[in-house]
Amino acid sequence: MAQRNHFPSDIATVLLAVSSLVNLMNGLKSEEITMEEFLRRHELDSKSILVSVKIPDWDRIMSISLGTKMKLLFETYRVAPRPLGNALPYLNATLMAKISRCASSNGMVVGDCRFAFGAYGTKHAIRATKVEEFLTGKVPSVDVLYEAVKLLRSIVVLDDDTSYLAYRSSLAAGFLFEFFSHLVEGNAESPNGYVNGYSTLMSPARHLDHGKVSTLLTSGKQEVELNNQYHPVGEPIAKSGAVIQASGEVVYVDDIPSPTNCLHGAFIFSTKPLARVKGIELKPKSVADGVNAVISFKDILGENLGIKTGFGPEPLFADDFTRCTGQYIALLVADTQKHADMAADLAVVDYDMENLEPPIYL
């Protein structure tokens, strides 16, 4: 939660926005601080314990009930490379605001509000306090939100080495606008016969920021006709065997009991990229631990062929020369897999590299 090693925390952003209190204990000393103070501190030392995190009762604090005209808006936002929550977010945010009916108009007034943003290239989540102070007491409109977004961009400042810097910065503005967009549409008037006050956006006198026109977000819909010619290509299909694998009921090779008198094998690999193989020596202890045989290319009745590819045939075992590090030299056979693995690890290969040039010059 303190975002150690710069790991972005979604829950810390939520707790920050709702003004949570953190109870710490160091020895016999107990301390209660705000979440904002906690995130600004250094990491807890070995003597400190995070005892609890207390979330305020906002129904009681803000006096929200069915009999009042006040409402509490609360939304969380998160954008990540993968939408299911199993990826670090580009940006996360928690926005909360109290709104009530304006006495002088039909609009809604923003009261107490809290905006927290995190995981955008800083050490921890922060509150956009200046934006909160700017919006408190105002009726949301295009002009008001435009100024709030400009102020927010100056607060949510990313580190220069942050990936997708411009995209992450735009997300913060988008979250804030989306949070209040329905209030803007509800508060908009209809002067001069235009719906929802959009005529004010078309007037040159209403242009903002040296000629730029502020516009509301719009939605669109696109319909694509599909056919079944390539069905089920493109359709989400459950993986074959996924249920039995996830339940732990699938039987793997290691789950099958070995038959009576079964032998087990382990490969002896080359540790030299190019060398003559003079012989393989097994330590006496290995031979005593159930080793049955060592099979090399000399024991193959026929061609020493492992696989044929477009680049030509490859041998199953190294013959007189090894061709790469990790090439099979021999197969060690023992009564158990454990004995085979241990003996193969203890095997000593006698190499001769005299008068052999390195295969690669660096």
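Our structure is the block above this text.
These notes cover the structure that comes with them. Residues take numbers from 1 onward in each chain, read along the sequence in its written order. Two thresholds apply to this predicted model, a pLDDT of at least 70 for residue-level local features and 80 or more for giving and counting side-chain atom pairs, whereas whole-chain, interface and lining totals are computed over all residues. The basis for the side-chain values is all heavy atoms of the structure; hydrogens and waters are excluded.

Comments concerning the environment of T336
Note the following rule: For the purposes of this entry, the term helix denotes a DSSP run of H or I that reaches at least four residues, the term strand denotes a run of E that reaches at least two, and both are numbered from the N terminus. Each residue gets one of three labels from its accessible area relative to the maximum for its type: buried under 20%, exposed over 50%, partly exposed in between, using a 1.4 Å probe on protein chains only.
Considering the arrangement of structural elements, one finds T336 in the loop between β14 (328-334) and α10 (337-346). Assessed through its relative accessible area of 30%, T336 is described here as partly exposed. It is 6.5 Å that separates the C-alpha atoms of T336 and L263, two residues lying 73 residues apart in sequence.

Considerations on the sheet that holds strand β8 (residues 264-269)
Defined as follows: Following DSSP output, two strands are said to pair if at least two bridges run between them. With axes taken as lines fitted to C-alpha atoms, and helix axes fitted only over the stretch in contact, angles between N-to-C directions fall between 0 and 180 degrees. In this description, contact between two residues means that some pair of their heavy atoms is separated by no more than 4.5 Å.
Taken together, the three strands give an open sheet; going across it, the order is β8-β14-β10, and neighbouring strands pair in antiparallel fashion. Only two strands of the sheet have a single neighbouring strand rather than two, namely β8 and β10 (291-295). Taken over all neighbouring pairs, the strand axes of this sheet differ in orientation by 25° on average, direction set aside. Here four bridges tie β10 to β14, and the two strands are oriented antiparallel to one another. Note that in β14 the partner of V294 across the bridge is L332. Relative to the sheet, α10 contacts β8, β10 and β14, its axis offset from that of β8 by approximately 15°.

Here we look at the side chain of S48
Let me state the cut-off plainly: Distance and chemistry together define a polar contact, namely a pair of N or O atoms within 3.5 Å, with one atom able to donate a hydrogen and the other to accept it when in protein, and with adjacent residues in sequence counting only for side-chain atoms on both sides.
Its location among the elements puts S48 in strand β3 (residues 48-54). In this structure the side chain of S48 is engaged in a polar contact, spanning 3.2 Å, whose partner is the side chain of N26. Within the structure, S48 has its side chain in polar contact with the side chain of D45 (distance 2.8 Å). Leaving out residues up to four positions away in the same chain, S48 has contacts with M25 and N26.

Describing helix α1 (residues 10-17)
Those residues of α1 that sit buried are A12, T13, L15, L16 and A17. Each element contacted by the buried residues of α1 is listed here: α2 (35-40), β3, β5 (91-101), β6 (108-118) and β7 (126-127). Phi turns positive one or two residues past the end of α1, at S19, with a value near 60°.

Here we look at the pairing of strand β2 (residues 29-34)
Summarising the sheet, strand β1 (residues 21-26) and β2 pair through six bridges and their orientation is antiparallel. Looking at the pairing, V22 lines up with I33 of β2. Taken together, β1 and the strand that follows it, β2, pair antiparallel across an intervening segment of two residues, in which G27 is found at a positive phi of about 70°.

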